[in-house]
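Each chain, letter by letter, is given below.
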Amino acid sequence: GAVVSQHPSRVICKSGTSVKIECRSLDFQATTMFWYRQFPKQSLMLMATSNEGSKATYEQGVEKDKFLINHASLTLSTLTVTSAHPEDSSFYICKGRDVRSDTEAFFGQGTRLTVV
Amino acid sequence: GQNIDQPTEMTATEGAIVQINCTYQTSGFNGLFWYQQHAGEAPTFLSYNVLDGLEEKGRFSSFLSRSKGYSYLLLKELQMKDSASYLCAVRAPSGNTPLVFGKGTRLSVIA
């Protein structure tokens, strides 16, 4: 249980365009969604924490106007990379949690973003 | 502060046993996770310990000592496919606090 489905798994976009990444909780309700980024051969880096129905909390150094997070329902959270640039190319991964039942969900499958 | 230490790299031989250690110093504790991450893929769940002792699951076992702030992941009968990064992560008591991850241990299994 506690599965998160993340789409797309891979995306290539042009510089200046926006990309939306979706994470859906399949068999639980995600009160909280954590968004991570990982560059090649580096550690996971937490970007932001979002709670259903409220604004996301961003980690230091992460631009909230560039990485838009929406968590409008208990089963869907989205991350939109706006005006993408090549340096945004990375592996983006989400992870859900249901605080009410203390359920720690699995990671989503990850999205490999390449900006050309 | 939050600090999780694990070795950066380890190498072991196919068929052998390897132990990956993790020590932690965190403000609060509500369980410790181990994840496996193959290159280019998302981490996958291996184990969760919240009480002291050893949890065995097939070829993988995980141990926790809360008083020592210490855990290890034991992999038996190593296979080439076990070559991956292994991440130790600590969960805080607070509901919305994210897991604190170690930097991961890159394990190479050689023939």
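Residues numbered from 1 in each chain as written. Chains lettered and ligands numbered in written order. Predicted model: local features only at pLDDT ≥ 70, side-chain atom pairs only at ≥ 80, totals over all residues. Heavy atoms only, no water.

(A) Structural view of the interface of chain B and chain A. Residue-level contacts link 20 residues of chain B with 23 residues of chain A. Carbon and sulfur atoms make up 54% of the surface buried where chain B meets chain A, a total of about 1,500 Å² over both sides. It is R91, N96 and P98 of chain B that lose the most area in chain B upon contact with chain A, and together they represent 30% of the buried surface on that side. The interface formed by chain B and chain A includes two salt bridges. Here the side of chain B that touches chain A is composed, by residue class, of nine nonpolar, seven polar and four charged. (Contact = heavy atoms within 4.5 Å. Buried area = accessible area lost by both parts, 1.4 Å probe. Salt bridge = Lys/Arg side-chain N within 4 Å of Asp/Glu carboxyl O. Nonpolar A, V, L, I, M, F, W, Y, C, P; charged D, E, K, R; others polar.)

(B) Region of the structure containing unusual backbone geometry. All names here are of chain A. Following H7, the chain continues into P8 via a peptide bond in cis, with omega recorded as -5°. Residue placement: P8 occurs in the loop between β1 (4-7) and β2 (10-13). Despite not being glycine, K41 shows a phi value in the positive range, around 60°. Positionally, K41 belongs in the loop between β4 (32-38) and β5 (45-51). If you check the backbone angles, D102 has positive phi at about 60° while not being a glycine. With respect to the secondary-structure elements, D102 resides in the loop between β9 (90-98) and β10 (103-107). Note on D102: relative accessible area 42%, which makes it partly exposed. (Helix = DSSP H or I, 4+ residues; strand = E, 2+ residues; numbered from the N terminus. Buried < 20%, exposed > 50% of the residue type's maximum accessible area, 1.4 Å probe, protein only.)

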